Amino acid sequence: IFLSFLSSLLIPRLFNGMQQSIENEKALLNQLNQKQQSLQHTLETLEEKNDELEQFAYVASHDLQEPLRMITIFLQQLKSKYDGVIDEPGKKYIAFAVDGANRMRQIILDLLEYSRAWRTETAMENIDLNGLVDDIKILFSNIIHEKKAVITTAHLPVIQLYKTPLLQLFQNMISNALKYCRADGQVCIHIDVKDMDSHWQFAVSDNGIGISPVYFDKIFVIFQRLHNKNNYSGTGIGLAICKKIIDKMGGKIWVESAEGNGSTFYFTIPKFADSKIS
């Protein structure tokens with residue numbers, strides 16, 4: 001009788017407690033689903049806005065080139081036609097204006113390149129990175145000869161991806177190493193790779209001027225420069241393009257360096273990067 005009485009008290013309470021627990025779990029699951037849907041919607045909205053901004057950058061940059069070209073042409077004609085009339089300060093002002101127009105044109109071209117990074121109409125293909133680097137060496141043959149640079153590589157893999165972004169990635173990496181070299185001594189660049197099971201980890205090392213750790217994050221931001229344009233040319237977009245491409249692949253990019261001791265840029269490419277591409 002005591003056990004029956006005890007059961008009659010406990011069982012309904014246990015049942016009610018279990019029922020309440022199940023209802024709480026359902027409510028929590030519904031909240032999580034709602035938050036996940038909201039997050040997904042936010043991500044889709046951000047992706048749309050990003051695409052719109054890239055398209056705007058492309059159109060704006062493209063449309064700016066023609067009036068800028070006309071400004072440069074008329075400034076040069078002004079200098080040529082009135083060379084004997086314009087005094088030295090006037091010639092200097094024209095030279096400043098032409099230089100500014102040329103630099104603005106380069107910024108526009110770089111902005112176009114950044115907006116088009118990863119935009120490709122071609123299909124994926126098996127790419128031998130050894131051959132890709134050889135093609136880049138031919139492209140940079142003049143500056144390699146001028147700086148007496150030596151570019152070596154480990155045996156690089158064959159990966160399946162879009163060729164154009166990969167070409168941009170390695171081209172900008174090598175160009176960066178060639179640009180920020182020391183004035184004295186031979187320029188040495190080495191490209192290494194490690195098989196990390198789920199991804200490839202590449203390393204592009206140089207013996208150049210190096211970078212202070214303070215600027216490790218800044219160098220991957222578009223149009224951020226660490227040096228005077230008179231000492232090192234460019235607009236500071238190459239590494240930003242590299243980061244954009246790596247991000248699209250689902251990889252990571254970082255640098256290890258010290259001022260005066262060269263730099264090593266690391267980046268990863270997932271072996272199944274094609275499944276991450278949108």
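Up top you'll find the structure we're talking about.
The rules behind the values
Residues numbered from 1 in each chain as written. Predicted model: local features only at pLDDT ≥ 70, side-chain atom pairs only at ≥ 80, totals over all residues. Heavy atoms only, no water. Helix = DSSP H or I, 4+ residues; strand = E, 2+ residues; numbered from the N terminus. Buried < 20%, exposed > 50% of the residue type's maximum accessible area, 1.4 Å probe, protein only. Areas by Shrake-Rupley, 256 points an atom, 1.4 Å probe, with all protein chains shown as cover. Salt bridge = Lys/Arg side-chain N within 4 Å of Asp/Glu carboxyl O. Expected span 1.5 Å × (residues − 1). Pairing = 2+ DSSP bridges. Axes fitted to C-alpha atoms, helices over the stretch in contact; angles between N-to-C directions. Contact = heavy atoms within 4.5 Å. Core = buried A, V, L, I, M, F, W, Y, C linked by side-chain atoms within 4.5 Å.

> Looking at this model, I keep getting lost on the overall build of the protein chain. Mind explaining?
Within the protein chain one finds six helices and seven strands. Evaluated residue by residue, the protein chain yields a buried proportion of 31% over its 278 residues. Surface exposure of the protein chain reaches about 17,900 Å², of which carbon and sulfur atoms provide 56%.

> Before we go on, may I ask you to explain the pattern of salt bridges in this structure?
Where charged atoms from two side chains of opposite charge come close, those side chains can pair. Tallying each qualifying case throughout the model produces three salt bridges. A salt bridge links Asp195 to Lys271; its shortest N-O distance comes to 2.5 Å. Of this pair, Asp195 sits in strand β4 (residues 188–195) while Lys271 sits in the segment after β7 (263–270), and the two are 76 residues apart along the sequence. Exposure remark for Lys271: the relative accessible area of 30% places this residue in the partly exposed category. With a shortest N-O distance of 2.9 Å, Lys243 and Asp247 are connected by a salt bridge. Here Asp247 and Lys243 lie together in helix α6 (residues 238–249), a separation of four residues that amounts to about one turn. Exposure remark for Asp247: the relative accessible area of 41% places this residue in the partly exposed category.

> Which parts of the structure should I look at to understand α6?
An α-helix turns once every 3.6 residues. As a result, residues three or four positions apart point the same way. In this model, α6 (12 residues) spans 17 Å end to end at C-alpha, consistent with the 16 Å of a helix rising 1.5 Å per residue. Restricting attention to buried positions, one finds in α6 the residues Leu239, Ala240, Ile241, Cys242, Lys244, Ile245, Ile246 and Met249. With its phi angle positive at about 85°, Gly250 sits one or two positions after the end of α6.

> In this structure, what is going on with the pairing of β4? I would like to understand it.
Put simply, side chains in a regular strand alternate between the two faces of the sheet. Here strand β2 (residues 150–153) runs beside β4; their pairing, made up of four bridges, is parallel. Residue pairing for β4: Thr152 is matched across the bridge by His190. The pairing of β4 with strand β5 (residues 199–206) spans seven bridges and is classified as antiparallel. Looking at β5, one finds that Asp192 is bridged to Ala203. Hairpin geometry of β4 and β5 is characterised by an intervening segment of three residues between the two adjacent antiparallel strands and by a positive phi of about 70° at Asp197.

> Can you help me understand the sheet that holds β4 in this one?
Through backbone hydrogen bonds, the strands of a sheet pair up, either in parallel or in antiparallel fashion. Taken together, the five strands give an open sheet; going across it, the order is β2-β4-β5-β7-β6, and neighbouring strands pair in mixed fashion. Lying at the two open borders of the sheet, with one neighbouring strand each, are β2 and β6 (253–257). This sheet shows a mean twist of 15° between the axes of neighbouring strands, independent of strand direction. Packed onto the sheet, α6 meets β6 and β7 and runs at close to 25° relative to β7.

> Looking at this structure, how should I read the nonpolar core?
In summary, soluble globular proteins display a tendency toward joint burial of nonpolar side chains. Core analysis: the biggest nonpolar cluster contains 42 residues, and Leu129, Leu166, Phe170, Phe202, Phe267 and Ile269 have the highest contact counts within it. Sorting the residues of this core by element identifies α3 (129–139), β3 (158–161), α5 (163–179), β4, β5, α6, β6 and β7 as the ones contributing at least two each. With seven residues, α5 is the largest single contributor of residues to this core. Beyond its immediate stretch of four places on either side in the chain, Leu166 contacts Ile127, Leu129, Leu132, Ile159, Leu161, Met249 and Ile269.

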